[in-house]
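Close look at the chain arrangement
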Amino acid sequence: MSARRRPELWGVVNATPDSFSDGGLFASERAAIEHGLSLVEQGASVIDVGGESTRPGANRVSPDEEEKRVIPVVRALADEGVVVSVDTMRASTARKAVEAGARIINDVSGGLADPDMFSVAAKAEVDYVLMHWRGHSNTMDSLAHYDNVGSDVAHELRIRQEEAVRAGIDPSRLLVDPGLGFAKTPQHNWSLLSQLDEVAPSGIRMVVGASRKRFLGELLPGEHTPAERDGASAALGVLLAEAGVFALRVHNVRVHREALDVWQAFHEGGAS
Ligand code: PMM
(Lines give C-alpha, C1' and ligand atoms only; values in the text may rest on other atoms or scores of the structure.)
Protein backbone atom coordinates (compact mmCIF):
# COMPACT_ATOMS: atom_id res chain seq x y z
CA MET A 1 0.00 0.00 0.00
CA SER A 2 1.44 3.40 -0.91
CA ALA A 3 2.32 5.70 1.96
CA ARG A 4 0.06 8.72 2.34
CA ARG A 5 1.08 12.01 3.85
CA ARG A 6 -0.69 12.68 7.15
CA PRO A 7 -3.24 15.49 6.69
CA GLU A 8 -2.90 18.74 8.58
CA LEU A 9 -5.60 19.57 11.10
CA TRP A 10 -7.05 23.05 10.80
CA GLY A 11 -8.91 23.95 13.99
CA VAL A 12 -12.09 26.00 13.64
CA VAL A 13 -12.63 29.10 15.76
CA ASN A 14 -15.99 30.69 15.04
CA ALA A 15 -15.71 34.16 16.57
CA THR A 16 -19.45 34.67 16.52
CA PRO A 17 -21.36 35.76 19.64
CA ASP A 18 -23.71 32.77 19.45
CA SER A 19 -20.73 30.39 19.64
CA PHE A 20 -19.69 31.75 23.03
CA SER A 21 -22.58 32.17 25.41
CA ASP A 22 -20.84 34.40 27.95
CA GLY A 23 -22.11 37.72 26.63
CA GLY A 24 -19.88 40.78 26.01
CA LEU A 25 -17.42 41.18 23.17
CA PHE A 26 -14.30 41.05 25.33
CA ALA A 27 -15.39 37.75 26.84
CA SER A 28 -16.12 36.35 23.37
CA GLU A 29 -12.83 37.64 22.02
CA ARG A 30 -10.83 36.21 24.88
CA ALA A 31 -12.73 32.93 24.70
CA ALA A 32 -12.01 32.72 20.96
CA ILE A 33 -8.29 33.35 21.47
CA GLU A 34 -8.04 30.82 24.30
CA HIS A 35 -9.96 28.29 22.27
CA GLY A 36 -7.56 28.79 19.32
CA LEU A 37 -4.51 28.30 21.56
CA SER A 38 -5.98 25.15 23.09
CA LEU A 39 -6.65 23.72 19.60
CA VAL A 40 -2.97 24.30 18.75
CA GLU A 41 -1.99 22.39 21.89
CA GLN A 42 -4.26 19.56 20.78
CA GLY A 43 -2.48 19.31 17.42
CA ALA A 44 -3.86 21.92 15.02
CA SER A 45 -1.26 23.35 12.65
CA VAL A 46 -3.58 26.13 11.49
CA ILE A 47 -6.39 28.01 13.22
CA ASP A 48 -9.23 29.09 10.93
CA VAL A 49 -10.95 32.17 12.34
CA GLY A 50 -14.35 33.22 11.02
CA GLY A 51 -16.86 35.86 12.09
CA GLU A 52 -19.77 35.12 9.79
CA SER A 53 -21.94 32.01 10.00
CA THR A 54 -22.36 30.16 6.71
CA ARG A 55 -24.94 27.70 7.97
CA PRO A 56 -27.86 27.10 5.56
CA GLY A 57 -30.34 29.96 5.94
CA ALA A 58 -27.91 32.27 7.78
CA ASN A 59 -28.01 35.99 7.03
CA ARG A 60 -24.87 38.04 6.43
CA VAL A 61 -23.24 40.26 9.05
CA SER A 62 -21.98 43.77 8.19
CA PRO A 63 -18.33 44.26 7.20
CA ASP A 64 -17.72 46.30 10.37
CA GLU A 65 -19.20 43.62 12.60
CA GLU A 66 -17.22 40.88 10.86
CA GLU A 67 -13.96 42.80 11.29
CA LYS A 68 -14.72 43.57 14.94
CA ARG A 69 -15.17 39.86 15.62
CA VAL A 70 -12.28 38.52 13.57
CA ILE A 71 -9.34 40.93 13.43
CA PRO A 72 -8.42 41.06 17.17
CA VAL A 73 -8.54 37.25 17.35
CA VAL A 74 -6.39 36.90 14.23
CA ARG A 75 -3.87 39.43 15.59
CA ALA A 76 -3.65 37.83 19.04
CA LEU A 77 -3.17 34.31 17.66
CA ALA A 78 -0.66 35.44 15.02
CA ASP A 79 1.28 37.32 17.72
CA GLU A 80 1.51 34.01 19.60
CA GLY A 81 3.12 32.46 16.53
CA VAL A 82 0.03 30.57 15.38
CA VAL A 83 -0.52 30.07 11.63
CA VAL A 84 -3.88 31.74 11.15
CA SER A 85 -6.37 31.34 8.34
CA VAL A 86 -9.16 33.89 7.98
CA ASP A 87 -12.51 32.45 6.96
CA THR A 88 -14.12 35.30 5.03
CA MET A 89 -15.82 36.07 1.73
CA ARG A 90 -14.96 39.77 1.97
CA ALA A 91 -11.82 41.19 0.36
CA SER A 92 -11.65 44.05 2.89
CA THR A 93 -11.76 41.65 5.86
CA ALA A 94 -9.21 39.38 4.19
CA ARG A 95 -6.83 42.30 3.58
CA LYS A 96 -7.09 43.53 7.19
CA ALA A 97 -6.65 39.99 8.52
CA VAL A 98 -3.48 39.55 6.47
CA GLU A 99 -2.22 42.89 7.84
CA ALA A 100 -2.97 41.50 11.32
CA GLY A 101 -0.90 38.39 10.59
CA ALA A 102 -3.14 35.84 8.82
CA ARG A 103 -1.19 33.61 6.42
CA ILE A 104 -4.13 31.93 4.69
CA ILE A 105 -7.34 33.32 3.21
CA ASN A 106 -10.17 30.76 3.38
CA ASP A 107 -12.86 32.04 1.04
CA VAL A 108 -15.89 29.74 1.00
CA SER A 109 -17.21 31.63 -2.04
CA GLY A 110 -14.16 30.91 -4.20
CA GLY A 111 -13.95 34.59 -5.12
CA LEU A 112 -17.59 34.80 -6.25
CA ALA A 113 -18.96 36.85 -3.34
CA ASP A 114 -16.53 39.75 -3.71
CA PRO A 115 -15.00 40.80 -7.04
CA ASP A 116 -11.94 42.23 -5.26
CA MET A 117 -11.02 39.02 -3.42
CA PHE A 118 -8.67 37.52 -6.00
CA SER A 119 -6.64 40.71 -6.38
CA VAL A 120 -6.36 41.09 -2.60
CA ALA A 121 -5.20 37.47 -2.29
CA ALA A 122 -2.74 37.93 -5.17
CA LYS A 123 -1.20 41.05 -3.61
CA ALA A 124 -1.12 39.53 -0.11
CA GLU A 125 0.99 36.58 -1.34
CA VAL A 126 -0.63 34.19 1.13
CA ASP A 127 -2.24 30.79 0.58
CA TYR A 128 -5.81 30.95 -0.73
CA VAL A 129 -8.46 28.29 -0.17
CA LEU A 130 -10.86 28.30 -3.10
CA MET A 131 -14.04 26.47 -2.14
CA HIS A 132 -16.86 25.31 -4.42
CA TRP A 133 -19.79 27.68 -3.89
CA ARG A 134 -22.90 28.69 -5.78
CA GLY A 135 -24.62 31.29 -3.62
CA HIS A 136 -25.09 32.78 -0.18
CA SER A 137 -26.42 30.74 2.74
CA ASN A 138 -29.98 32.08 2.46
CA THR A 139 -30.30 30.78 -1.13
CA MET A 140 -27.88 27.88 -1.41
CA ASP A 141 -30.31 25.04 -0.71
CA SER A 142 -32.28 26.03 -3.83
CA LEU A 143 -29.07 25.80 -5.91
CA ALA A 144 -28.39 22.14 -5.10
CA HIS A 145 -28.98 20.74 -8.61
CA TYR A 146 -26.34 18.81 -10.53
CA ASP A 147 -26.16 16.51 -13.57
CA ASN A 148 -23.18 14.77 -11.99
CA VAL A 149 -22.03 16.36 -8.77
CA GLY A 150 -18.38 15.20 -9.11
CA SER A 151 -17.80 16.46 -12.64
CA ASP A 152 -19.96 19.59 -12.16
CA VAL A 153 -18.04 20.62 -9.02
CA ALA A 154 -14.72 19.80 -10.71
CA HIS A 155 -15.69 21.92 -13.72
CA GLU A 156 -16.88 24.90 -11.65
CA LEU A 157 -13.79 24.75 -9.44
CA ARG A 158 -11.50 24.63 -12.49
CA ILE A 159 -13.10 27.78 -13.91
CA ARG A 160 -12.54 29.59 -10.62
CA GLN A 161 -8.93 28.36 -10.39
CA GLU A 162 -8.22 29.69 -13.89
CA GLU A 163 -9.80 33.01 -12.96
CA ALA A 164 -7.74 33.17 -9.75
CA VAL A 165 -4.51 32.57 -11.62
CA ARG A 166 -5.48 35.17 -14.27
CA ALA A 167 -5.99 37.65 -11.41
CA GLY A 168 -2.43 37.04 -10.27
CA ILE A 169 -2.68 34.35 -7.58
CA ASP A 170 0.39 32.12 -7.71
CA PRO A 171 -0.92 28.61 -8.58
CA SER A 172 1.28 27.13 -5.84
CA ARG A 173 -0.69 29.27 -3.34
CA LEU A 174 -4.03 27.72 -4.30
CA LEU A 175 -5.85 25.05 -2.30
CA VAL A 176 -9.26 23.73 -3.35
CA ASP A 177 -12.20 22.57 -1.26
CA PRO A 178 -15.27 20.66 -2.52
CA GLY A 179 -17.53 22.71 -0.22
CA LEU A 180 -19.47 19.94 1.53
CA GLY A 181 -22.97 21.14 2.47
CA PHE A 182 -22.76 24.30 0.37
CA ALA A 183 -25.56 24.01 -2.22
CA LYS A 184 -25.35 20.24 -1.73
CA THR A 185 -27.76 17.71 -0.30
CA PRO A 186 -26.46 14.90 1.93
CA GLN A 187 -26.55 12.61 -1.13
CA HIS A 188 -24.50 15.13 -3.12
CA ASN A 189 -21.91 15.22 -0.30
CA TRP A 190 -21.53 11.44 -0.29
CA SER A 191 -21.30 11.27 -4.10
CA LEU A 192 -18.70 14.02 -4.06
CA LEU A 193 -16.68 12.24 -1.38
CA SER A 194 -16.59 9.13 -3.57
CA GLN A 195 -15.23 11.21 -6.47
CA LEU A 196 -12.62 13.38 -4.76
CA ASP A 197 -9.93 12.31 -7.24
CA GLU A 198 -11.98 13.90 -9.97
CA VAL A 199 -12.45 17.15 -8.06
CA ALA A 200 -8.72 17.83 -7.74
CA PRO A 201 -6.96 15.68 -10.31
CA SER A 202 -3.87 17.82 -10.74
CA GLY A 203 -2.13 17.21 -7.42
CA ILE A 204 -3.38 20.51 -6.03
CA ARG A 205 -3.73 20.56 -2.22
CA MET A 206 -7.26 19.84 -1.03
CA VAL A 207 -8.93 21.04 2.17
CA VAL A 208 -12.14 19.33 3.32
CA GLY A 209 -14.58 20.64 5.91
CA ALA A 210 -16.83 17.76 6.92
CA SER A 211 -16.62 18.15 10.69
CA ARG A 212 -19.98 18.14 12.50
CA LYS A 213 -21.95 18.74 9.31
CA ARG A 214 -25.61 17.83 8.98
CA PHE A 215 -25.04 14.97 6.52
CA LEU A 216 -23.00 13.14 9.19
CA GLY A 217 -25.71 13.84 11.76
CA GLU A 218 -28.20 12.01 9.55
CA LEU A 219 -26.31 8.76 10.22
CA LEU A 220 -26.80 9.07 13.97
CA PRO A 221 -29.89 7.82 15.76
CA GLY A 222 -32.29 10.37 17.23
CA GLU A 223 -31.65 13.83 18.65
CA HIS A 224 -28.04 14.89 19.21
CA THR A 225 -25.86 17.99 19.46
CA PRO A 226 -23.34 18.93 16.73
CA ALA A 227 -20.50 17.95 19.13
CA GLU A 228 -21.94 14.44 19.25
CA ARG A 229 -21.03 14.15 15.56
CA ASP A 230 -17.30 14.14 16.40
CA GLY A 231 -16.97 10.35 16.23
CA ALA A 232 -18.55 10.26 12.78
CA SER A 233 -16.40 13.26 11.74
CA ALA A 234 -13.20 11.51 12.84
CA ALA A 235 -14.16 8.29 11.03
CA LEU A 236 -14.60 10.29 7.84
CA GLY A 237 -11.34 12.12 8.60
CA VAL A 238 -9.48 8.79 8.46
CA LEU A 239 -11.05 7.98 5.11
CA LEU A 240 -10.08 11.41 3.83
CA ALA A 241 -6.51 10.80 5.00
CA GLU A 242 -6.61 7.59 2.99
CA ALA A 243 -7.84 9.58 0.00
CA GLY A 244 -4.80 11.88 0.23
CA VAL A 245 -6.49 15.07 1.41
CA PHE A 246 -4.03 17.80 2.47
CA ALA A 247 -5.97 19.29 5.40
CA LEU A 248 -9.07 18.57 7.47
CA ARG A 249 -10.96 21.59 8.81
CA VAL A 250 -12.25 20.34 12.16
CA HIS A 251 -13.87 21.49 15.39
CA ASN A 252 -12.60 18.76 17.73
CA VAL A 253 -8.87 18.61 17.04
CA ARG A 254 -8.06 16.10 19.79
CA VAL A 255 -10.44 13.44 18.49
CA HIS A 256 -9.17 13.86 14.93
CA ARG A 257 -5.53 13.75 16.04
CA GLU A 258 -6.18 10.46 17.85
CA ALA A 259 -7.95 9.04 14.81
CA LEU A 260 -5.03 10.04 12.58
CA ASP A 261 -2.58 8.54 15.11
CA VAL A 262 -4.40 5.24 14.69
CA TRP A 263 -4.41 5.62 10.88
CA GLN A 264 -0.68 6.36 10.87
CA ALA A 265 0.22 3.50 13.24
CA PHE A 266 -1.85 1.13 11.11
CA HIS A 267 0.13 2.07 8.00
CA GLU A 268 3.50 2.18 9.69
CA GLY A 269 3.05 -1.01 11.69
CA GLY A 270 3.27 0.74 15.05
CA ALA A 271 3.35 4.10 16.81
CA SER A 272 6.33 6.33 15.87
N1 PMM B 1 -17.50 25.05 6.15
C2 PMM B 1 -17.95 26.03 6.96
C3 PMM B 1 -17.23 27.21 7.11
N4 PMM B 1 -16.05 27.40 6.47
N5 PMM B 1 -14.38 26.60 5.01
C6 PMM B 1 -13.92 25.64 4.20
N7 PMM B 1 -12.75 25.83 3.56
N8 PMM B 1 -14.59 24.47 4.01
C9 PMM B 1 -15.78 24.22 4.62
O10 PMM B 1 -16.37 23.15 4.38
C11 PMM B 1 -16.31 25.22 5.49
C12 PMM B 1 -15.57 26.42 5.67
C13 PMM B 1 -19.22 25.85 7.69
O14 PMM B 1 -19.03 25.05 8.80
P15 PMM B 1 -19.03 25.59 10.34
O16 PMM B 1 -20.29 26.41 10.47
O17 PMM B 1 -19.05 24.34 11.10
O18 PMM B 1 -17.81 26.38 10.56
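Residue positions are given per chain, counting from 1 as you read along its sequence in written order. Totals for whole chains, interfaces and linings use every residue, but because this is a predicted model, local features are given only for residues with pLDDT of at least 70 and side-chain atom pairs only at 80 or more, for both listing and counting. To get the side-chain values, all heavy atoms of the structure are used, and hydrogens and water are removed first.

Brief notes about the pairing of strand β5 (residues 127-131)
Along any regular strand the residues' side chains alternate between the sheet's two faces. What counts here: Accessible area is worked out with a 1.4 Å probe on protein chains only. A residue is then buried under 20% of its type maximum, exposed over 50%, and partly exposed in between. Helix and strand definitions follow DSSP, with helices as H or I runs of at least four residues and strands as E runs of at least two, each counted in order from the N terminus. Any two strands between which DSSP finds at least two bridges are classified as paired.
Within β5, five of the five residues are buried, which leaves the element mostly enclosed by the surrounding structure. Along β5, one buried face is formed by D127, V129 and M131 and the opposite face, lined by Y128 and L130, is buried too. Examined bridge by bridge, strand β4 (residues 104-107) and β5 share four bridges and lie parallel to one another. When the bridges of β5 are listed, D107 appears paired with L130.

Some remarks on the environment of P178
Note the following rule: Contact definition: two residues touch when any of their heavy atoms are within 4.5 Å.
Relative to the helices and strands, P178 is located in the loop between β6 (174-177) and α6 (186-193). In this structure P178 comes out as buried when scored by relative accessible area, which is 0%. Sequence separation of P178 and R166 is 12 residues, and the distance between their C-alpha atoms is 21 Å. Here P178 is in contact with H132, V153, K184, L192, L196, V199, M206, V207 and V208, once residues within four sequence places are set aside.

Examining the sheet that holds strand β8 (residues 247-250)
Basically, it comes down to this: To obtain an axis, a line is fitted to C-alpha atoms, over the contacting stretch when the element is a helix, and the angle between two such axes runs from 0 to 180 degrees between their N-to-C directions.
With parallel pairing, eight strands are arranged side by side around a closed barrel as β1-β2-β3-β4-β5-β6-β7-β8. Across the sheet, the mean angle from the axis of one strand to that of its neighbour is 25°, orientation sign disregarded. Sheet analysis places strand β1 (residues 8-14) next to strand β2 (residues 46-50), joined by five bridges and oriented parallel. Opposite V12, over in β2, you have D48 as the bridge partner. On the sheet, helix α5 (residues 149-166) packs against β5 and β6 and is oriented at approximately 160° with respect to β6. Where helix α10 (residues 253-268) meets the sheet, it contacts β1 and β8, and its direction lies at approximately 170° from that of β1.

Here we look at the side chain of H251
Position of H251 among the secondary structure elements: in the loop between β8 and α10. Once residues within four sequence positions are removed from consideration, H251 is found in contact with V12, N14, L39, S211 and R212.

Comments concerning the nonpolar core
Operational definition: In this description, a nonpolar core means a group of buried Ala, Val, Leu, Ile, Met, Phe, Trp, Tyr and Cys residues linked to one another through side-chain atoms lying within 4.5 Å.
Counting 70 residues, the largest nonpolar core has V49, I105 and Y128 as the members making the most contacts within it. Looking at this core element by element, the count peaks at six residues for helix α2 (residues 63-79). For Y128, the residues in contact, after removing those within four places along its chain, are I105, D107, G110, G111, M117, F118, A121, I169, R173, L174 and L175. Counting residues in hydrophobic clusters, the runner-up holds eight residues, among them V46, L175, F246 and A247.

Describing the pairing of β8
Judged by which residues are buried, β8 turns out to be covered on both faces: A247 and R249 on one side and L248 and V250 on the other are all buried. With four bridges joining them, β1 and β8 adopt parallel strand pairing. Looking at the pairing, G11 lines up with V250 of β8. Two strands pair when backbone bridges link them, and strand β7 (residues 205-208) and β8 are joined in this way by two bridges, in the parallel orientation. Each bridged residue has a counterpart across the sheet, and for V208 the counterpart in β8 is L248.

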